[in-house]
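Examination of the molecular architecture
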Amino acid sequence: MSPINLAIVGVGKIVRDQHLPSIANNADFKLIATASRHGMVEGIPAFTTIEAMLDAVPDIDAVSLCMPPQYRYEAAYKALSAGKHVFMEKPPGATLSEVADLENLAKAKGVSLFASWHSRYAPAVEAAKSFLASTNIRSAHVIWKEDVRHWHPNQEWIWQAGGLGVFDPGINALSIVTHILPPLFLTGATLEFPENRDSPIAADLHFKSGTGLPVHAEFDWRQTGKQSWDIVAETDAGQMVLAEGGSKLSVNGELTFSAPEAEYPSLYRRFAEIVKAGTSDVDLSPLRHVADAFMLGKRKFVEAFYD
């Protein structure tokens, strides 16, 4: 089978760090075009708009959308309407309704739509899921705290309405939680908003399952020094710690699984799989929890944030 002719829209840091190496090492894909206001890939035809790219390069089979979520719906709609398969960076959109509309459009056009959740493909996540399935879970605690100045310097879109604020990294934790724990629903939340921003800098969330399993999640963008991306579960078989964003698993203090990070290569393998199968993969459960937090959460205003 010939490679899937792929285009990228939005050439920024995540594309250079993750998408391009993953595509280059996957024989199922061939990068043939890009569209971006500022970025480009050397040796690849570049355009400033997705419309110009789609018009000029009809051989495109699939498009990876890597722009901020507030601007993704329009681009996805145009690509799907043109009969292209679409890979959407996380979060898949600014609202649940627009992603549901895109899913319906993909089905009508007979193409694949992929809402990618890269943290679900962290190396120890499946091992954690297997461990939790083998025992009774008593409680879980999610600690996802990092330094926004380090990871998002001068990126104003994350602070704008629809940019999700601290939920931009927090949704990575939620993508793992919704994969390894039973279905949960939000029971309470406090969202901290800087006085000069439209999106939160911290969130304290409480969930429970239908059987009463309590889950507490803490997201914060003000942590300096060592960053925290951990999920701790108390179980009948002891304490499980899924650490460093899902790369290491420990049970009762003993490291039981660790492997090098390979999230984006796994995403592109999954994308190729659904394109070949003629199916879509659009799980909105992580984004649904974020929407619930904005609906149910109490707002707390904190001092202004300056980058």
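Residues numbered from 1 in each chain as written. Predicted model: local features only at pLDDT ≥ 70, side-chain atom pairs only at ≥ 80, totals over all residues. Heavy atoms only, no water.

1. Section: the pattern of salt bridges
This structure, assessed with the given rule, holds 14 salt bridges. When the shortest N-O distance is used, the salt bridge between Asp236 and Arg138 registers 2.7 Å. Placement of the pair is Asp236 in the loop between strand S11 (228-235) and strand S12 (238-243) and Arg138 in strand S7 (residues 137-145), with a sequence separation of 98 residues. With a shortest N-O distance of 3.6 Å, Lys145 and Glu218 are connected by a salt bridge. Of the two residues, Lys145 is situated in strand S7 and Glu218 in strand S10 (residues 214-220); the sequence distance between them amounts to 73 residues. (Salt bridge = Lys/Arg side-chain N within 4 Å of Asp/Glu carboxyl O. Helix = DSSP H or I, 4+ residues; strand = E, 2+ residues; numbered from the N terminus.)

2. Observations concerning the pairing of strand S8 (residues 184-194)
Of all eleven residues in S8, eight are buried, a share of seventy percent or more. Direction of pairing for S8 relative to strand S9 (residues 202-209): antiparallel, over a ladder of eight bridges. Residue Ala189 lies in a different strand from S9, and its bridge partner there is Leu205. Inspection of the sheet shows S8 paired to strand S15 (residues 298-302) by five bridges, in the parallel sense. Its bridge partner lying in S15, Thr190 is registered against Lys298. (Buried < 20%, exposed > 50% of the residue type's maximum accessible area, 1.4 Å probe, protein only. Pairing = 2+ DSSP bridges.)

3. Digging into the layout of surface pockets
Its boundaries defined by the atoms lining it, the largest pocket holds a volume of some 1600 Å³. The wall of the largest pocket is formed by 49 residues, among which Ile14, Cys66, His152, Gln155 and Trp157 lie closest to the centre. Counting only elements with at least two residues in the lining of the largest pocket, the list comes to helix H1 (13-24), helix H2 (50-56), helix H3 (72-81), helix H7 (167-180) and helix H8 (263-277). Along the lines of polarity and charge, the residues of the lining of the largest pocket split into 19 nonpolar, 16 polar and 14 charged. Estimates place the volume of the second largest pocket at around 170 Å³. Along its surface, the second largest pocket is lined by Asp147, Arg149, Pro194, Ile201, Trp221, Arg222, Thr224, Val302, Glu303, Ala304, Phe305 and Tyr306. Among the residues forming the lining of the second largest pocket, the class breakdown is seven nonpolar, one polar and four charged. (1 Å grid on protein atoms, 1.4 Å probe; cavity = no way out; pocket = protein on both sides within 12 Å on 5 of 7 lines; lining within 4 Å. Points joined across faces, edges and corners; volume = space filled by probe spheres on them. Nonpolar A, V, L, I, M, F, W, Y, C, P; charged D, E, K, R; others polar.)

4. Section: unusual backbone geometry
Here the bond from Lys90 into Pro91 is cis, since omega is -20°, no more than 30 degrees from zero. You can see Pro91 is positioned in the loop between strand S5 (85-88) and helix H4 (96-109). Positive phi outside glycine occurs at Leu164, with the angle close to 80°. Among the structural elements, Leu164 can be located in the loop between helix H6 (148-151) and H7. Here Leu164 falls in the buried class, since its relative accessible area comes to 6%. Positioned with a positive phi, Glu244 is a non-glycine residue whose angle comes to about 55°. Within the secondary structure, Glu244 is located in the loop between S12 and strand S13 (248-251).

5. So, the UniProt feature "domain: Gfo/Idh/MocA-like oxidoreductase N-terminal" (unreviewed entry) in the protein
With numbering matched to this structure, UniProt assigns "domain: Gfo/Idh/MocA-like oxidoreductase N-terminal" (unreviewed entry) to residues 4-114. Here residues 4-114 runs as 39% helix and 23% strand, with 15 Å between its end C-alpha atoms. (UniProt positions renumbered as here; feature names shortened; annotations may be inferred.)

6. Re the sheet that holds strand S2 (residues 29-35)
If you trace the six strands from one edge of the open sheet to the other, you get S3-S2-S1-S4-S5-S6, paired in parallel fashion. If you trace the sheet from one side to the other, it starts and ends with strand S3 (46-47) and strand S6 (113-115), each paired once. One ladder, built from four bridges, connects strand S4 (residues 62-65) with S5; its direction is parallel. The residue bridging Ser64 from the neighbouring strand is Phe87, located in S5. On the sheet, H3 packs against S4, S5 and S6 and is oriented at approximately 160° with respect to S5. (Contact = heavy atoms within 4.5 Å. Axes fitted to C-alpha atoms, helices over the stretch in contact; angles between N-to-C directions.)

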